[in-house]
Structures are given as structure tokens and as C-alpha cells.
Amino acid sequence: MDQRDLRQIFSAFATGVTVVTAYDDEGAPVGITANSFTSVSLEPALVLWCLDNRSRHLSTFSDGTPFSIHILSEGQEDTAMQFARSGASGLVQRGDGASELTPKIDGALARVECRVADLHVAGDHTIIIGEIREAEIVEAAPLVFQKSRFGHFTPASQLSGQEAWHILVDMWS
């Protein structure tokens, strides 16, 4: 399959939208939009995201580097687009958050502060595994992305998230 076909297939999978922030070696804030984010492990608490090997920000992330993953909330489409563009800057500010170690984006649904635990080159991307140090969440609707469009999430049932999770776990067990 060619890359265009793969992009079309991959875009059918609806995902949340994140912006990963860090400070580069010179102390300048870096923000990168990423939808390749997932949990890896609860014990130890690990997450991963992927960064294009051609990114000028790849050298920012080495073993032990602090970074934060901001899960964007509905209405933050402009933030997602701003950090999807190469060389974007602006909304990331030093010292305006829970930590001096990483820049913060206000209004995010959740913020997960990590340190790089491992890096793996996989094809044209690098998988960055982060060990979670702190996390915070607020009550908000998530920003969703599918087929190159932003959207919103509408629950399909009246079950709470915890009830639905227990049903799934029971099915898998």
C-alpha cells in the first residue's frame, strides 16, 4: 500500500488530540500536536507517543527529559492547529502551571507530566515512552479528531465510564 492509502485508513480511527510540551536544550518552549498517544502500563505508570524522525524537535527528547502531555478539550482546535504547524510557538509559558519543569497549556482536559523513560526508532517515527510523575484532570469534553476533522464525543449509553469499563473487563476475562 502507498502512504496515501495508509493515511486514509489510519484517519478512520477517531482519536483524542494532545499537545506535548517541553523545553529544548536552550530553554525555549516546544509544543507538538500528537494524536499518537496511548497508555502503556499502570505499574509502572507509563505512556507513549510518537514523533516524526524528521522533526526539528526530536533532539529535545532524550533519556530523563521532562515533558507534559496535554489532552485537549473541546474548543481547543486552534491550539491543536497552532502546534501542528512547524515552528509554532505562543501558548506555552514557563512557570505558569503545576511545574517549572514543563510548559503548560491552559484549558486542557488533562495534563500528564512525565520523564522520558525510553526511546525506540520504529520506521519513520520515534516512539517516546514516558514515566508519569504527576497528572491532573478537569471535568470537560474531549477534542476528537477523525478523517482530518475535529469533532466531539457523544456517549452512546447512559452507563458511567466505570460501569462500561467493568463490563468490558468481564468480557475479556
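Since we're looking at a predicted model, the values are computed, not measured.

Rules used in this analysis
- Residues numbered from 1 in each chain as written.
- Predicted model: local features only at pLDDT ≥ 70, side-chain atom pairs only at ≥ 80, totals over all residues.
- Heavy atoms only, no water.
- Helix = DSSP H or I, 4+ residues; strand = E, 2+ residues; numbered from the N terminus.
- Buried < 20%, exposed > 50% of the residue type's maximum accessible area, 1.4 Å probe, protein only.
- Areas by Shrake-Rupley, 256 points an atom, 1.4 Å probe, with all protein chains shown as cover.
- Arc of directions from axis to C-beta.
- Contact = heavy atoms within 4.5 Å.
- Polar contact = N/O pair within 3.5 Å; in protein donor to acceptor, adjacent residues only side chain to side chain.
- Salt bridge = Lys/Arg side-chain N within 4 Å of Asp/Glu carboxyl O.

J.: Any chance you could break down the overall build of the protein for me, citing the residues and the numbers?
T.: In terms of regular secondary structure, the protein is built from three helices and 10 strands. Sequence-ordered secondary structure for the protein, helices as α and strands as β, is α-β-β-β-β-β-β-α-β-β-β-β-α. Burial analysis of the protein (173 residues in total) assigns 31% to the buried set. Accessible surface, the protein as shown: approximately 10,800 Å² in total, 53% of it carbon and sulfur.

J.: Break down helix α2 (residues 77-84) for me, citing the residues and quoting the values.
T.: Within α2, the full set of buried residues consists of Thr79, Ala80, Gln82 and Phe83. For α2, the buried positions fall inside an angular range of 165 degrees around the axis, keeping them on one side. Turned more than 90 degrees away from the buried face of α2, the exposed residues are Asp78 and Ala84. For α2, the elements touching its buried residues are β2 (18-23), β3 (29-34), β9 (143-146) and β10 (149-152).

J.: I'd like to hear about helix α1 (residues 3-11), residue by residue, with values.
T.: Counting buried residues in α1 gives zero out of nine residues, a small share hidden from the surface. Residue Asp2 occupies the N-cap position of α1, its side-chain oxygen lying 3.2 Å from the main-chain nitrogen of Arg4.

J.: Which residues make up the side chain of Gln76, and what values do they have?
T.: Tracing the backbone shows Gln76 in the loop between β6 (66-71) and α2. A polar side-chain atom of Gln76 sits 3.0 Å from the main-chain carbonyl oxygen of Asp106. For Gln76, the residues in contact, after removing those within four places along its chain, are Ile105, Asp106, Gly107, Ala108 and Leu143.

J.: I'd like a rundown of the pattern of salt bridges, residues and numbers included.
T.: With the rule as written, the count across this model stands at three salt bridges. Of the charged contacts, one joins Asp52 and Arg54 as a salt bridge, the two residues approaching to 2.7 Å between their closest N and O atoms. Note on Arg54: relative accessible area 73%, which makes it exposed. Here Lys104 and Asp106 are joined by a salt bridge, their closest N and O atoms 4.0 Å apart. Its relative accessible area of 21% is what places Lys104 among the partly exposed residues.

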